[in-house]
Structure formats: C-alpha cells, structure tokens
Amino acid sequence: MQDWTESSSWPVQQCVCASQCTVMKDCSRTGKINLLENSSLTTHHFQRLEFITSPLNTSMIRNVRWLSQMTVSSFSTKVYRSVRIAVMVLKVFFPSCCSSAESGILIGRWISEQNSAVILAVVHFPFIPVQVKQYLSEVQQVTKIKVSVLGSWSNSKQEKEESLSKFLEDLGTIFSHKPWIQISKERDSKFWSCSTLQKQSNSPKEEEIILVYYDQRKVMLSYLHPPVDIATSTDCKADDASKLAAMFNTVANSKILFMTDRYDDGPIKLTHWQSDGVEASIIVELMKQASVPACMLLTFLLSLTSVICKSRMLKFWPLSFLWSKLSTCEQLGHRLQHLQVISSNKKAQNQIQLMRKANIFVSLLTDVALGILLMSWLYRKNRIGHLADTLIPVADHIAKELQDLLQWLMGAPAGLKMNRALDQVLGRFFLYHIHLWISYIHLMSPFIEMILWYVGLSACLGLTVALCILSDIIALLTFHIYCFYVYGARLYCLKIYGLSSLWRLFRGKKWNVLRQRVDSCSYDLDQLFIGTLLFTILLFLLPTTALYYLVFTLLRLLVVVVQGLIHLLVDLIDSLPLYSIILRLCRPYRLAAGVKFRVLEQKHGKPLRLLMQINPLSYGSVVQTYRLPTYSCYPKDSWTSLCKKLFFGELIYPWKHKGEKQD
C-alpha cells in the first residue's frame, strides 16, 4: 500500500483500497498527478482524479464523483491542505482500435455534465464537410444520440505534422463544437499530445486531459449492471451509476455507425472496431432464417395445447384436482409457459428480457438432452423389464416390514404399557389396510412393465418431467403410508383438542368462536362431572394414540423428504440460468459489474493515458440476477410452523392450498 505524501502546493489524500495498491504519490504545482509505474487504477481511484476539474474559490476542495460501480470495499480520505487551481480536466474516451488510424476528424458524443467526450470513430481524409454533417444527422435520427464532430486526429506516421496542423485547426471553424479537441500521435514516441481549441481565444489552450482507452467491441456488447444494493445506496452513488452507464449506452446504441467498413462504396471512410469487415456468422444467419417457420409451427401447436388445457372438461372434478395436485401436470404447465415465452413474436424490450429468453431456451435444451440420455439408458439392455421385476418384491418387502412394525406396536413397544383394547383395534385396522394394498399391487403386477415402458417415453419431454413422474409414482406406491398418517393424525388431533377444551372447562373457561378468544363461563355440576370422565378417558388413551401417530408421522416425513429432494433437483434445473453462466465463463465482459483503470503512461506536459478494463459480474450475482422463476407444489412452512403442526396433529399436505399465503 502506497500513500499520498504531503506537498507544498497540493493537498494530500490517503486511499485505502481492498483490491489494488494506491497509485498516487503527489501532485505538482501545475495540477498534474504523478503516478507509480506499472500501477493500475480502480474506479474509486479514477473518481478521485475528478477533484482537479473544478476551480476552487474557497479553502475546500470540491470532490466530484463521476463514475460508480466501485470495485473497492472501503476507503478513507484525509485532506491536509487545499490550494486554488484554475485548471480543468477533460476526459476523452478513445477506442483502442483507432490508435493506428489515418489522420482525420473525430466523431462521437460530448457529455457536458461530465466534461467528457466519447470518441466513436475516425473519418479519414478526403471528405466533404456537408456529406459528413448529413451522415451524422442520419445517424442521430436512428440512434437518438447527439453524434457530432468533436475534433481532429493526426497520425504523424502517415502525415507531416507541419503541413497538417494548420489545416486541422481550421476544421474547428467548419464544424462548430466547443471545445475542439486535437489529438496527435507523435512520431517515434509512445506519448501523445492533446490540446483543445477554444472559440473565444481562437488559439489552442493546454488543458489537463485524461485519455482513456477502451475496447469498443467489448463495451458495445457488454451490459452494465446496476449495483445490487441500488435501492439502499445513496443518491450520489445512483448518480454515479448513471454517469458510467451514459458512456456504455453511447457505444451500445451506435451500432449503425459500426455497420460500414472500408469496402463500402460510400463517400465517407470510417475507422472503428468493424472497419476491416463487418462481423457476421453464416451459421447464425441460417439459424435466424430457419427459426421463423419453426417458431410459427411451435406457436400454432402451443395455442392448440392451450385451448385444450383451458377447456371445460379439465375443470370438472376429479380432473381439476389431479391437474392441480400432481407434480407432473404442474411441471408440464410450467414448461408450456416457457415455450410460449420463447415462441412469442414480441421483441425483448431490454437486456433482462433478452437474457431471460436465452436462459429459458438453454434450460429447455439441457432438460430435453438429459431426458433423452435417461431414456436411452432405460431402454438399453432391457432395464425397464428388470425394473418392473424388482418393483413387486420391493413393494412386498416394504409391506412385510410394516406388518412387523404393527405387530411390534400391538405388543409392548419399548416396554411401554399401552391400552390393550385400543391397541388391538388400531393394529388390526392398519393390518387390514396393508392386506388390501398388497392385493392391489399383485393385481397390477401384469401391467407394471407396460406402464413403466410408456412412462419411460415421457423422458423425451425432459429430465424434469421424468423426475416429476418419479415423484408421483413414489406418492402412489406409498399411498397406504399416507393413509396411516392421516388416520393417526386425525385421531391424535381430536384427542389433543378435546383435552384442551376439557382443560378450559375445569378452569371455568370456554373458547368463543365468534370473537376468537377465551371467555369466562359458568358450568353446573353435571357438566363438570361429564367433563371429568371424558378428560380421564382421553388422557389415558392419549399415549397409545400418540405412539401410532409418532411412528406413522416419521414414515410420512421420510417419504416427504425423498420427494422434496426430487423437487429440489427439478427446481434447480428449472431456475438455473445456464446461458448466463456459460456467457460469464466464456465472455465475461458481456456481463459487466463495473470498470477498473490501469495506468499506461504519464509524463509531465503530456496527457495521462489510462486503459479501461471491464470488471465482470461475479457468478453469485449472475445467478441472483438472472435466476428463472419456478413453481413449487410444496408449501414453504417455517420450522416453527412445521413443529407446531406436528405437535397438534395438523396434516402436512404435499401441496399448496388456495388460501394459503406463501413467502
């Protein structure tokens, strides 16, 4: 970490940066900044360069921030002394692709609020000024950006500076722009000279100029994301974000300016990032042409499917119940919505909608590809037949284990003394249900292989559909466990609420249903006697009922956990923004979180040259920003609510209710 040292003519500031070292030593009396060699500037450092842009009439230094998206975690600033400075700083964003361009004029956008110029291209000699003005007016009508001639560019390697300098100064009178920027590349030198021509004095005036090189292609293709905490950030930070976004938007909205190359037969020759040839792909163009009829066919099929799904036949019970409760139907409806979004003719309005479409498309392709792989694995080596032959013995084994468990409960489980009469009734009741379930499984055994064969074909619709079918099959195969849980929970809940009501009777209280509160009430002797008998009976029968409820609740929770893991995998495939993650991996500059600056050269009397580099968005921010919304057929209960339901015997449904509020 290097610190600023106090100078006799300049205030000293100390910057603490979490990412890179401080690059500034001190400043000279002319207002220039001496920078350490091989150093780099982050956005925070470059913000601190802005304080030399404002003349000072007081003893305080006006610190103007003009960039946001800071890449540092914390900083502290200490001002020792202030000096009056009458030097203005001009920031010129120069495309690195134009460094070797021939001499000409600079066209771009002037941002007066930031005292900065964004250079977009260089127009070469010879040219007719009227044609240049007409061309720029056409560009303004299309891009809605005020593009103008900002200055002149002189490359001393191609032209003689003595014969060209006067002509470049005279161009400022033809193209009225204030100030007129003159940039020249010196011969056999790595330093550039830059000056501005003011209309009032009609003479070049040296200013403090910062030349910022940027990659035009990367800036045009990138999307600058606002800060994650933009809602809680200060107004100054929000204003800084808009200033940085103005530069990105200027380059991104000037695509029509980059559609001309040196091979076009036009009167104007430009140099920009596509001047050697317009970037295009034959495969992309062919896919665009082929996607039109494919989207039309897909739109027709989806509209037909939507009409069938919205028909009255599916609104009658039990079809409506099955459509809303089976996870397979929910997933199919979710994927149909995704297909409608992809095949829609409506153009994406912004980057977020475009990325959402791309993420949905890649998610569907990945889902279908994984489903086809699963289907090919199932139908290879007769795995469907082996699975069907294994399913019946597994069901018999589970039923036998449940019978052994019930026989253990009908005795003296863990040495507990149960109510024998109630214990025998409940045990035989549940054993009868197991017998019915085994008979049902053996009755369906000849058709199980055929059912699994057709179910395997559904994997071509996607891996998520196959997983949802697996979840529904598990729910059907464990339906007897669900029935046992419902019986035990209802009986346990009845006794809990009966005991609580009779306990209020002993205390002279009752529950007011209308006002939803406990009120005082007077009872006679007969009511108290009957209440005492019922309370005693329910209290002595509670341990037996609670044991059965506890055992079947644990079995039910085991099934729910397995189904929950399956649905977590389904939600992961549905919501994961795969396209954004691949884009972040292969082309990180496309998803920009901010910028950082690296010092190239700095010399007394020459402009400070910086290189602007894009900071990509972190993977966590990519997932958080572009995560796709998913459906969830399971209620999102908190742990407190879940424990309360289990204690009072309320049913834990594997689906959501219409009137239930979700987080």
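Residues numbered from 1 in each chain as written. Predicted model: local features only at pLDDT ≥ 70, side-chain atom pairs only at ≥ 80, totals over all residues. Heavy atoms only, no water.

Topic: unusual backbone geometry
- The residue N115 is not glycine, and still its phi comes out positive at about 55 degrees.
- Relative to the elements of secondary structure, N115 occurs in the loop between strand 5 (104-111) and strand 6 (116-124).
- Look at N382: it is not a glycine, yet its phi comes out positive at around 55 degrees.
- Position of N382 relative to the elements: it lies in the loop between helix 9 (351-378) and helix 10 (383-409). (Helix = DSSP H or I, 4+ residues; strand = E, 2+ residues; numbered from the N terminus.)

Observations regarding the packing of aromatic side chains
- All chains considered together, the criterion is met by 19 aromatic pairs.
- Taking the centre distance of 5.2 Å and the plane angle of 50 degrees together, the rings of F484 and F552 count as tilted. Separated by 68 residues along the polypeptide, F484 in helix 13 (residues 479-506) and F552 in helix 14 (residues 525-575) bring together distant segments of the chain. By the burial criterion, F484 is buried, and F552 matches it.
- Residues Y492 and Y549 carry aromatic rings whose centres are separated by 4.5 Å and whose planes lie at 5 degrees to one another, so their mutual orientation is stacked. Of this pair, Y492 sits in helix 13 while Y549 sits in helix 14; the two residues are 57 residues apart in sequence, bridging distant segments of the chain. (Phe/Tyr/Trp six-rings, centres within 6.5 Å; stacked < 30°, edge-to-face > 60°. Buried < 20%, exposed > 50% of the residue type's maximum accessible area, 1.4 Å probe, protein only.)

Quick look at helix 13
- The end-to-end C-alpha distance of helix 13 is 41 Å, a good match for the 40 Å that 28 residues give at a rise of 1.5 Å each.
- Of the residues trailing helix 13, G508 is marked for its positive phi of about 70 degrees. (Expected span 1.5 Å × (residues − 1).)

Things to note about the side chain of R504
- The topology assignment puts R504 in helix 13.
- The contacts of R504, once residues within four sequence positions are left out, are K509, K510, W511 and V518. (Contact = heavy atoms within 4.5 Å.)

Section: the packing of helix 8 (residues 327-342) against helix 12 (residues 463-477)
- Between helix 8 and helix 12, whose axes approach to 8 Å, the crossing angle comes to 160 degrees. Between helix 8 and helix 12, the interaxial angle falls into the category roughly antiparallel. Once helix 8 is placed against helix 12, the crossing between them reads as right-handed. Between helix 8, through S327, T328, Q331, L332 and R335, and helix 12, the contact on the second element is made entirely by T464, V465, C468, I469, S471 and D472.
- By residue class, the composition of the contact of helix 8 with helix 12 is four nonpolar, five polar and two charged. (Axes fitted to C-alpha atoms, helices over the stretch in contact; angles between N-to-C directions. Parallel < 35°, antiparallel > 145°, perpendicular 65-115°, else oblique. Left-handed = near helix turned anticlockwise from the far one by under 90°. Nonpolar A, V, L, I, M, F, W, Y, C, P; charged D, E, K, R; others polar.)

As for the pairing of strand 16 (residues 591-601)
- The pairing of strand 12 (residues 223-224) with strand 16 spans two bridges and is classified as parallel. In the strand pairing of strand 16, L224 is matched with A592.
- Here eight bridges tie strand 16 to strand 17 (residues 608-616), and the two strands are oriented antiparallel to one another. What sits directly across from R598, in strand 17, is L611.
- Two successive antiparallel strands, strand 16 and strand 17, enclose a turn made up of six residues, where G605 displays a positive phi of approximately 85 degrees. (Pairing = 2+ DSSP bridges.)

Section: the environment of L565
- Its location among the elements puts L565 in helix 14.
- Using a relative accessible area of 56% as the deciding quantity, one classes L565 as exposed.
- A C-alpha to C-alpha distance of 9.7 Å links L565 and S471, two positions 94 residues apart in sequence.

Overview of the state of the cysteines
- Enumeration over the complete set of coordinates arrives at zero disulfides.
- The closest cysteine sulfur to the non-disulfide-bonded C97 is located on C98, 4.0 Å from its own sulfur. (Disulfide = S-S within 2.5 Å.)

Here's the deal with the packing of helix 11 (residues 420-457) against helix 12
- Interaxial distance between helix 11 and helix 12 falls to 13 Å at its minimum, and their mutual angle equals 170 degrees. In terms of orientation, helix 11 and helix 12 fall into the roughly antiparallel class. Counted together, W437, I441 and V455 of helix 11 and I469, I473, L476 and L477 of helix 12 form the full contact between these two elements.
- Considering only residue class, the contact of helix 11 with helix 12 consists of seven nonpolar, no polar and no charged.

Topic: the confidence of the model for the chain
- For the chain, per-residue confidence averages 75 on the pLDDT scale, and residues scoring 70 or more make up 73% of the total.
- Averaged over each element, pLDDT in the chain is lowest for strand 1 (residues 24-27) (36) and highest for helix 15 (residues 578-586) (93).
- In this model, residues 1-86 is a region of pLDDT below 50 whose contacts with residues beyond four sequence positions or in other chains number 221 contacts.
- When the criterion is pLDDT under 50, residues 657-663 qualifies, and its contacts beyond four places in sequence or with other chains add up to six contacts. (pLDDT = per-residue confidence, 0-100.)

Some remarks on the nonpolar core
- Counting residues in hydrophobic clusters, the biggest one holds 46 residues, and the most contacted among them are V132, Y214, M247, V251, L257 and M612.
- It is helix 5 (residues 235-252) that provides the largest number of residues to this core, a total of five residues.
- When sequence neighbours within four positions are dropped, the list of residues in contact with Y214 reads F93, F94, P95, S96, V118, I119, L120, V219, M247, V251 and M612.
- Residues L150, W153, C194 and L211 belong to the second largest nonpolar core, which totals 19 residues. (Core = buried A, V, L, I, M, F, W, Y, C linked by side-chain atoms within 4.5 Å.)

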